[in-house]
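Observations on the model geometry
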Amino acid sequence: MNSEMEKDILKVLVTEEELRQRIGELGEELYQRFEGKNPLFLGVLKGSFIFMADLVRTAQVKSDVEFIAVSSYQNATVSSGRVQITHDLQQDITDRHVIIVEDILDSGNTLAFLKNYLLTKGAKDITIVTLLDKPARRTKAITADLAGFVVPDEFVVGYGLDYCQQYRNMPYIGVLKPEVYSN
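The notes below deal with the structure included here. (Residues numbered from 1 in each chain as written. Predicted model: local features only at pLDDT ≥ 70, side-chain atom pairs only at ≥ 80, totals over all residues. Heavy atoms only, no water.)

Observations concerning the side chain of Glu102
Selection rule: Numbering of helices and strands starts at the N terminus; helices are DSSP runs of H or I of at least 4 residues and strands are runs of E of at least 2. A 1.4 Å probe rolled over the protein chains alone gives each residue an accessible area, and that area as a share of the maximum for its type sets the label: buried under 20%, exposed over 50%, partly exposed in between. Charged residues are defined narrowly, with Lys and Arg counted positive, Asp and Glu counted negative, and His plus the chain ends left uncounted. Any Lys or Arg side-chain nitrogen located within 4 Å of an Asp or Glu carboxyl oxygen qualifies as a salt bridge. We call two residues contacting when some pair of their heavy atoms lies within 4.5 Å.
Positionally, Glu102 belongs in strand S5 (residues 97-105). Although Glu102 is buried, it makes no salt bridge; Arg168 carries the closest opposite charge, 8.5 Å away. The contacts of Glu102, once residues within four sequence positions are left out, are Val44, Ser48, Phe51, Thr110, Leu111, Val129, Thr130 and Leu131.

Structural data, given as structure tokens:
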């Protein structure tokens, strides 16, 4: 397969096959936890959209899908620490089991903010599912209930994760070459 993005990738961290297998396992775990409970899958835009599509398909529970968009990076490589909602919920979540689907948990700022926000909106409970967990960057005391892969403190892109809105469409998780983002 041709890709003009390959030249910017230092190494592949998680292959397409590893993604497919692990997301299948996460979907099975969610099925076990939420069978008969009609959960709301809440995707955090934009990074989670590919992961969420695959996760919802593998979970196979009757469920609802919603999206929220938040920003704490503003095209930077490090979180500003200030989280802003740029697209809010479009439905009432009172007494709902909410499954937050996130692409990566690093500083924890976004997920700590979202968890608190959703609880104040009346969510019955919150389950956090993240594709990638980067504990080396954590500044907030928050953990994922389910994580696909623990990754080192490197700049990762692909499968929804971006750098300046690029690379989301790569079918694997790769480490971006430093010269790409340090200019």
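Let us keep going from here.
Describing the packing of helix H1 (residues 16-34) against helix H2 (residues 49-59)
Going by this rule: Axis lines are fitted to C-alpha atoms, over the contacting stretch for helices. Their N-to-C directions set the angle, which ranges from 0 to 180 degrees. Roughly parallel here means an angle under 35 degrees, roughly antiparallel means over 145, roughly perpendicular means 65 to 115, and every remaining angle is called oblique. Here is the rule for handedness: rotate from the far helix to the near one, and if that takes an anticlockwise turn smaller than a right angle the crossing is left-handed, while a clockwise turn gives right-handed. Only Asp, Glu, Lys and Arg are considered charged in this grouping, and only Ala, Val, Leu, Ile, Met, Phe, Trp, Tyr, Cys and Pro are considered nonpolar; every other residue, Gly among them, is considered polar.
Contact pair H1 / H2: the axes reach a minimum separation of 7 Å and the direction vectors enclose 55°. When the axes of H1 and H2 are compared, the pair comes out oblique. When the axes of H1 and H2 are compared, the crossing they make is right-handed. Across from Ile23, Gly24, Leu26, Gly27, Glu28, Leu30 and Tyr31 in H1, the residues of H2 making contact are Phe51, Asp54, Leu55, Thr58 and Ala59. Of the residues in the contact of H1 with H2, the class split is seven nonpolar, three polar and two charged.

Observations concerning the packing of aromatic side chains
Our working definition: Only Phe, Tyr and Trp rings are paired, with Trp represented by its six-membered ring, and only when their centres lie within 6.5 Å; those with planes under 30 degrees apart are stacked, over 60 edge-to-face, the remainder tilted.
Using the criterion set out here, one finds four aromatic pairs in the structure. Both rings, one in Phe155 and one in Tyr163, keep their centres 5.5 Å apart while their planes meet at 90°; by these two values the pair is edge-to-face. Each member of the pair, Phe155 as well as Tyr163, carries the same accessibility label: buried. Seen in terms of ring centroids, Phe155 and Tyr181 are 4.8 Å apart; in terms of plane orientation they differ by 25°. Their pairing is stacked. You can see Phe155 sitting in the loop between strand S7 (146-150) and strand S8 (156-157) and its partner Tyr181 sitting in helix H4 (residues 178-181), a full 26 residues away along the chain. What makes Phe155 buried here is its relative accessible area of 15%. By relative accessible area, which is 26% here, Tyr181 ends up partly exposed. One aromatic cluster is present, built from ring pairs that chain together Phe155, Tyr163 and Tyr181.

Concerning the sheet that holds S8
Stated precisely, the cut-off is as follows: Paired strands, as defined in this entry, are two strands with at least two bridges between them according to DSSP.
Pairing is antiparallel across the open sheet formed by three strands, whose spatial order is S1-S9-S8. Either end of the sheet is taken by a strand with one partner, and the two such strands are strand S1 (9-14) and S8. In the sheet, S8 pairs with strand S9 (residues 173-176) via two bridges, with the strands oriented antiparallel. Counted as the bridge partner of Val156 is Val175 from S9.

Re the pairing of strand S6 (residues 125-133)
Keep this limit in mind: When the strands point away from the viewer, a crossover counts as right-handed if the path from the first strand over the helix to the second runs clockwise.
S6 sits mainly inside the fold: eight of its nine residues count as buried. Since S5 and S6 lie parallel, the crossover through helix H3 (residues 109-120) that links them has a hand, and here it is right-handed.

Comments concerning the pairing of strand S3 (residues 64-71)
Alignment of strand S2 (residues 40-45) against S3, held across six bridges, turns out to be parallel. Its bridge partner lying in S3, Gly43 is registered against Phe67. Handedness of the crossover joining S2 and S3 through H2 is recorded here as right-handed. Taken together, the three bridges between S3 and strand S4 (residues 84-87) define a ladder with antiparallel strand orientation. The residue bridging Ser71 from the neighbouring strand is Gln84, located in S4.

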